Amino acid sequence: MAQQMKRIATEDMVQEDNEEVIKDIPQMYAKDSLDRFGDDLCEHILSYLTLDDRFRCECMSKQWQRLVYTTVCHITINEELTAKMRGKKNLCGENFFDVSLIATIAKKCPHIESIDCRRLPNNAYEPRVLETIDDSRDNCLKSLRRIYANFSHFDRQNFDHLFHGLGPMVTELDLRGVGSWRSLIPLCPNLHRLTVDYLSHVFTESADKQLLAKNLQHFAFKMSANSDVQIFDEFVAHNQSLESLVVNNPPQVVASQDIVTGFLTRLTRLPHLRELVLIFKRKSGAIQYSIGERLHEIGLMCPKLKRFQIQMRSQTPQLNVDVLNAISVMKRLKRLKLNLEVDPPVVTNWRAFDSVNDWPKGLTHLSLHLWHNHYNLFRHLETNLQKLQILHISDKNS
């Protein structure tokens, strides 16, 4: 009897030891099981999925459901996504645009930092989408920092209300055609890119002309016949961070020589300028004065300039040649687009293109639409611009 009791006790001790050993052995998974991946690796793999695929895969496992949306930081509301919100019918049988999907995405993706609404197939959807984003901002979209939108199809009252909430997240604003909405600019303290009709639209309408936009990185405006060059001084003084500038002289506007040269002279005070676009379209006549000297100064005083584009129609070939000569001082230029014409058309001496020999050797993209092309131009390009990747050449006859 004693031996039997001893044998039973020994068996119990062995069983307990085996259970402890089993607990110490790490759990082994099948080779084709995703359970063998830890959260970090699984999250990284799921980060390559599109938003649609994430919706499909979240039911695969509890681990996936927990991790599939954690890496979603940017959402683009495009035609594919809006197609899922169109064509639904309400209780009355009428078609409507269902924005509840936007709210669902906001709940599932707590780490969204930016939302892009610029690819909406119909801008009329934009107000409802942005209103839904604004409603979800406090509860779900706590990490939201940037909103990209065209901000069209809004009435002024709703626009003001929306911007008081979303204004700090707006980094790009296009106010062409709505210059009276300039009061929205101060509601966007993080604004980096601004497009307006005229320079005066970034100043208050009051007599003291207070500047509304400061520390911009990109700015585009049209030059008017009565443009005030003096207010451009204040704009430049408070926008030293400007990296890209587009100046457009519309066909119906004839800016005087003093206005054009005055604007170009003040561009030399923008040391961080990397891109400059100058468009002079005139229906009333060709430019009769040279801007080559002003471009030469810009090239010297804006050493970071990497992209330059100019479009103009001159009265004589020499005015265009002055522009070609100024390119040589833009040492860091990578992309160049020249559209230079002469009215009336004339054939130019082949020596006019000699300055190409001194153009920046680092040019990679070149587009030339000239009043006249000569074989000497092609020879200079082949000899001196060895790093060219894209070349486009045309003239008025091609």
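For the protein, an unreviewed UniProt entry supplies the name F-box domain-containing protein and the organism Oppiella nova.

Draft legend 1. The overall build of the protein, seen in detail. Broken down by element type, the protein carries 13 helices and 14 strands. Each of the 398 residues in the protein was classed as buried or not, and the buried ones make up 45%. Counting contacts in the protein only where the partners sit at least 6 residues apart, residues at least 24 apart contribute 68% of the total. Carbon and sulfur atoms provide 49% of the accessible area of the protein, an area that totals close to 21,800 Å².

Draft legend 2. Highlighting the pattern of salt bridges. Across all of its chains, the model carries 12 salt bridges by this definition. The shortest N-O distance in the salt bridge between Arg 137 and Asp 134 comes to 3.3 Å. A salt bridge links Glu 297 to Arg 294; the nearest nitrogen and oxygen atoms lie 3.8 Å apart. Of the two residues, Glu 297 and Arg 294 both sit in helix 11 (residues 292-301), three residues apart, roughly one turn of that helix. Exposure remark for Arg 294: the relative accessible area of 24% places this residue in the partly exposed category. Residues participating in the shared-partner salt-bridge network are Asp 116, Arg 118 and Glu 172.

Draft legend 3. Structural context of unusual backbone geometry. Positive phi is not limited to glycine here, since Lys 209 has a value of about 50 degrees. Take Lys 209: it is sitting in the loop between strand 7 (193-198) and strand 8 (218-222). Under the relative-accessibility criterion, Lys 209 is labelled partly exposed at 34%. We note that Asn 215 has phi near 60 degrees; this positive angle belongs to a residue other than glycine.

Draft legend 4. A look at the sheet that holds strand 4 (residues 114-116). Strand order in the open sheet made by the three strands is 1-4-5, with parallel pairing throughout. Every interior strand has two partners, whereas the edge strands, strand 1 (74-76) and strand 5 (146-148), have only one. Strand-to-strand twist across the sheet, computed as the mean angle between neighbouring axes with direction ignored, equals 5 degrees.

Draft legend 5. Here's a closer look at empty space enclosed by the protein. Per the counting criterion, the structure on display carries three cavities of 30 Å³ or more. Estimated volume of the largest cavity: approximately 80 Å³. Forming the walls of the largest cavity are Ile 75, Ile 77, Ile 102, Ile 105, Ala 106, Ile 112, Ile 115, Ile 133 and Leu 141. By residue number, the principal contributor to the lining of the largest cavity is helix 6 (residues 100-108), which donates three residues.

Draft legend 6. Spatial organisation of helix 9 (residues 229-237). The set of residues buried in helix 9 consists of Val 229, Ile 231, Phe 232, Asp 233, Phe 235 and Val 236. Considering only its buried residues, helix 9 is in contact with strand 8 and helix 10 (257-266).

Draft legend 7. Up close: the environment of Thr 195. Examined against the element boundaries, Thr 195 turns out to sit in strand 7. C-alpha of Thr 195 to C-alpha of Phe 221: the two residues are 26 residues apart in sequence and 6.1 Å apart in space. If sequence neighbours within four positions are ignored, Thr 195 has contacts with Leu 173, Asp 174, Leu 175, Arg 176 and Ala 220.

Draft legend 8. Expanded view of helix 10. Most of helix 10 sits inside the fold, with seven of its 10 residues counted as buried. Among the residues of helix 10, those classed as buried are Ile 259, Val 260, Thr 261, Gly 262, Phe 263, Leu 264 and Arg 266.

Draft legend 9. Looking closely at the pairing of strand 9 (residues 244-249). Most of strand 9 sits inside the fold, with five of its six residues counted as buried. Two strands pair when backbone bridges link them, and strand 9 and strand 10 (residues 275-280) are joined in this way by six bridges, in the parallel orientation. Each bridged residue has a counterpart across the sheet, and for Asn 249 the counterpart in strand 10 is Phe 280.

Draft legend 10. Region of interest: the sheet that holds strand 11 (residues 307-314). The strand order 6-7-8-9-10-11-12-13-14 describes an open sheet built from nine strands, whose pairing is parallel. The strands lining the two open edges of the sheet, one partner per strand, are strand 6 (172-174) and strand 14 (390-395). Across the sheet, the mean angle from the axis of one strand to that of its neighbour is 5 degrees, orientation sign disregarded.

Analysis parameters
Residues numbered from 1 in each chain as written. Predicted model: local features only at pLDDT ≥ 70, side-chain atom pairs only at ≥ 80, totals over all residues. Heavy atoms only, no water. Helix = DSSP H or I, 4+ residues; strand = E, 2+ residues; numbered from the N terminus. Buried < 20%, exposed > 50% of the residue type's maximum accessible area, 1.4 Å probe, protein only. Contact = heavy atoms within 4.5 Å. Areas by Shrake-Rupley, 256 points an atom, 1.4 Å probe, with all protein chains shown as cover. Salt bridge = Lys/Arg side-chain N within 4 Å of Asp/Glu carboxyl O. Pairing = 2+ DSSP bridges. Axes fitted to C-alpha atoms, helices over the stretch in contact; angles between N-to-C directions. 1 Å grid on protein atoms, 1.4 Å probe; cavity = no way out; pocket = protein on both sides within 12 Å on 5 of 7 lines; lining within 4 Å. Points joined across faces, edges and corners; volume = space filled by probe spheres on them.

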